[in-house]
Amino acid sequence: MPLTAANFQYIAGLARDSAAIVIDPGKEYLVETRLSPIAEQEGFATLDDYINAMRAERVPGTRHERAVDALTTNETSFFRDFHPFETLRQHIIPKLIEQRSGFKRLSFWSAACSTGQEPYTIAMLLRECFPQLNDWTIQIVGTDLSPTVLKQAGRGSYSQFEVNRGLPASYLIKYFTKVDDRWVLKDNIRQMVKFSPMNLIKPWPILPVFDVVFIRNVMIYFDVETKKRILKRIRNCLQPAGSLFLGTAETTMNIDPQWTPTTLGRATVYQAVPALAAAA
Ligand SMILES: C[S@@+](CC[C@H](N)C(=O)[O-])C[C@H]1O[C@@H](n2cnc3c(N)ncnc32)[C@H](O)[C@@H]1O
């Protein structure tokens, strides 16, 4: 049975207020396909009954969190879009190695990392191409709103389909072990990445200052004001010459002038305009 208009609006409002996810009218099918299985699992006869039960709760609780989790779009893959990782390998990391040879510390953040392929790609790339970093302190942080994807990310366990997408065969052989029908990352890579829950539109926890931030294919779902707020907050947790990668369909242009885009190799990298220049 199709969802009532009021219940669709309620869910669209919940997604917007809790995660800045925009579900426009016409996307009723999305709500139905994502939430119907949960409604059934929870024993409701219809999706409307389930949403009515949510609406009857005075304070949003775990049922609401579960619904928002299910409404997230978690599409990702190893080496997604390829070029950002080539730029990291050819340009950014060699320069960072020169700059940081005294401190021997590097830090990376994959924000909205979904099931972990992005931060693990960074980890594998470092191990594969930069053996000189083996005695450095490398911090790779992966965060996401969805507890479901973070659980898989922490396990580092992937289906055949997931490892077939973007991962070179040599990496699969070297860094994964086959366990039943899954491919599980070896501990030396898995332990390089620390995952934690984080909602980009709620207050942020105290974060380290990162050399490189990947925040790809998530702001695309947000309105301009939310993008502005997030880009500003990223400036506060990025090293002065740090690098920001966005998704291929994303940009800071016409949103936040405090970023300078540069083409490095075949990817666009954003750097924060130095505070003094920004104030001038
Ligand atoms: C399409 S995936 C992108 C994954 C990865 N960054 C990539 O580009 O392959 C978008 C991710 O953003 C997460 N997300 C959506 N809204 C969020 C929010 N408000 N705060 C944090 N993560 C969010 C979703 O849970 C989902 O895993």
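Residues numbered from 1 in each chain as written. Predicted model: local features only at pLDDT ≥ 70, side-chain atom pairs only at ≥ 80, totals over all residues. Heavy atoms only, no water.

Novice: I keep staring at the pattern of salt bridges and nothing clicks. Help me out?
Specialist: Where side chains of opposite charge bring their charged atoms close, a pairing between them can arise. For the structure shown, the criterion picks out 14 salt bridges. The partner of R100 in a salt bridge is D211, and the shortest N-O contact between them spans 2.4 Å. Linking R100 in the loop between α5 (83-99) and β1 (105-111) with D211 in strand β7 (residues 210-215), this pair joins segments that are 111 residues apart in sequence. You can call R100 buried: its relative accessible area is 15%. K174 serves as the salt-bridge partner of E128, at 3.1 Å between the closest nitrogen and oxygen. Pair noted here: E128 is in helix α6 (residues 117-129) and K174 is in helix α9 (residues 169-175), with a separation of 46 residues, a long-range link. Here the salt bridges do not stand alone but share partners, grouping E42, E57, R63 and R66 into one network. (Salt bridge = Lys/Arg side-chain N within 4 Å of Asp/Glu carboxyl O. Helix = DSSP H or I, 4+ residues; strand = E, 2+ residues; numbered from the N terminus. Buried < 20%, exposed > 50% of the residue type's maximum accessible area, 1.4 Å probe, protein only.)

Novice: I would appreciate a short explanation of helix α1 (residues 5-19) in the present structure.
Specialist: Owing to its 3.6 residues per turn, the α-helix brings residues three or four apart onto one side. With 15 residues, α1 should reach 21 Å at 1.5 Å per residue; the first-to-last C-alpha distance of 21 Å fits that figure. Buried within α1 we find N7, F8, I11, A12, G13, L14, A15 and A19. Where α1 is buried, its residues touch α2 (28-41), α3 (47-56) and α4 (62-71). Residue A20 follows α1 closely and has a positive phi angle near 65°. (Expected span 1.5 Å × (residues − 1). Contact = heavy atoms within 4.5 Å.)

Novice: Please explain the nonpolar core as it appears in this structure.
Specialist: What tends to happen in soluble globular proteins is that the nonpolar side chains get buried as a cluster. The biggest cluster of nonpolar side chains holds 38 residues, and the ones touching the most others in it are L88, F108, L126 and F176. Core analysis: the next-biggest nonpolar cluster, separate from the first, contains 26 residues, I215, F222, I234 and I255 among them. (Core = buried A, V, L, I, M, F, W, Y, C linked by side-chain atoms within 4.5 Å.)

Novice: For this particular structure, what's the right way to read the site of the ligand?
Specialist: In the vicinity of the ligand, 20 residues are found, and the nearest of them are T76, R80, A112, D144 and N217. Residue N74 places a side-chain N or O atom 3.0 Å away from an oxygen atom belonging to the ligand. Interatomic distance of 2.7 Å between a side-chain N/O atom of N217 and an oxygen atom of the ligand. When the free accessible area of the ligand is taken as 610 Å², the share hidden by the protein chains comes to 98%. The cavity where the ligand resides is the largest pocket. The residue makeup of the shell around the ligand, split by class, is seven nonpolar, eight polar and five charged. (Near = heavy atom within 4 Å. Polar contact = N/O pair within 3.5 Å; in protein donor to acceptor, adjacent residues only side chain to side chain. Areas by Shrake-Rupley, 256 points an atom, 1.4 Å probe, with all protein chains shown as cover. 1 Å grid on protein atoms, 1.4 Å probe; cavity = no way out; pocket = protein on both sides within 12 Å on 5 of 7 lines; lining within 4 Å. Sits in = over half its atoms within 2 Å of the grid points. Nonpolar A, V, L, I, M, F, W, Y, C, P; charged D, E, K, R; others polar.)

Novice: What's the story with the sheet that holds strand β4 (residues 176-179) in this structure? I'm lost.
Specialist: Pairing is antiparallel in the open sheet, where three strands are placed in the order β3-β5-β4. Since the sheet does not close on itself, it has two edges, and those belong to β3 (157-158) and β4, each with one partner. The pairing of β3 with strand β5 (residues 182-185) spans two bridges and is antiparallel. The partner of Y158 across the bridge, within β5, is W183. (Pairing = 2+ DSSP bridges.)

Novice: Sorry if this is basic, but what is going on with the packing of α2 against α4 here?
Specialist: The relative placement of two packed helices comes down to the angle between their axes together with the axis-to-axis distance. In the contact formed by α2 and α4, the axes pass within 9 Å of each other and the chain directions differ by 140°. As judged from the angle between their axes, α2 and α4 are oblique. As α2 runs across α4, the sense of the crossing is right-handed. Facing L30, V31, R34, L35, I38 and Q41 of α2, the residues of α4 in contact are R66, A67, A70 and L71. Classifying every residue of the contact of α2 with α4 gives seven nonpolar, one polar and two charged. (Axes fitted to C-alpha atoms, helices over the stretch in contact; angles between N-to-C directions. Parallel < 35°, antiparallel > 145°, perpendicular 65-115°, else oblique. Left-handed = near helix turned anticlockwise from the far one by under 90°.)

Novice: For this particular structure, what's the right way to read the environment of F85?
Specialist: Positionally, F85 belongs in helix α5. On the accessibility criterion, F85 (1% relative accessible area) is buried. Between the C-alpha atoms of F85 and L125, which are 40 residues apart in sequence, the distance is 8.0 Å. What F85 contacts, discounting residues up to four positions off in sequence, is F79, R80, E118, T121, I122, L125, F214 and R216.

Novice: Could you clarify how one ought to interpret the packing of aromatic side chains in this entry?
Specialist: The relative placement of two aromatic rings is captured by the distance of their centres and the angle of their planes. In this structure the tally under the stated criterion is 13 aromatic pairs. Summarising the aromatic geometry, the rings of F44 and Y50 are spaced 5.7 Å apart at their centres and angled 65° between planes, so their arrangement reads as edge-to-face. Y50 sits in the buried class, given a relative accessible area of 0%. (Phe/Tyr/Trp six-rings, centres within 6.5 Å; stacked < 30°, edge-to-face > 60°.)

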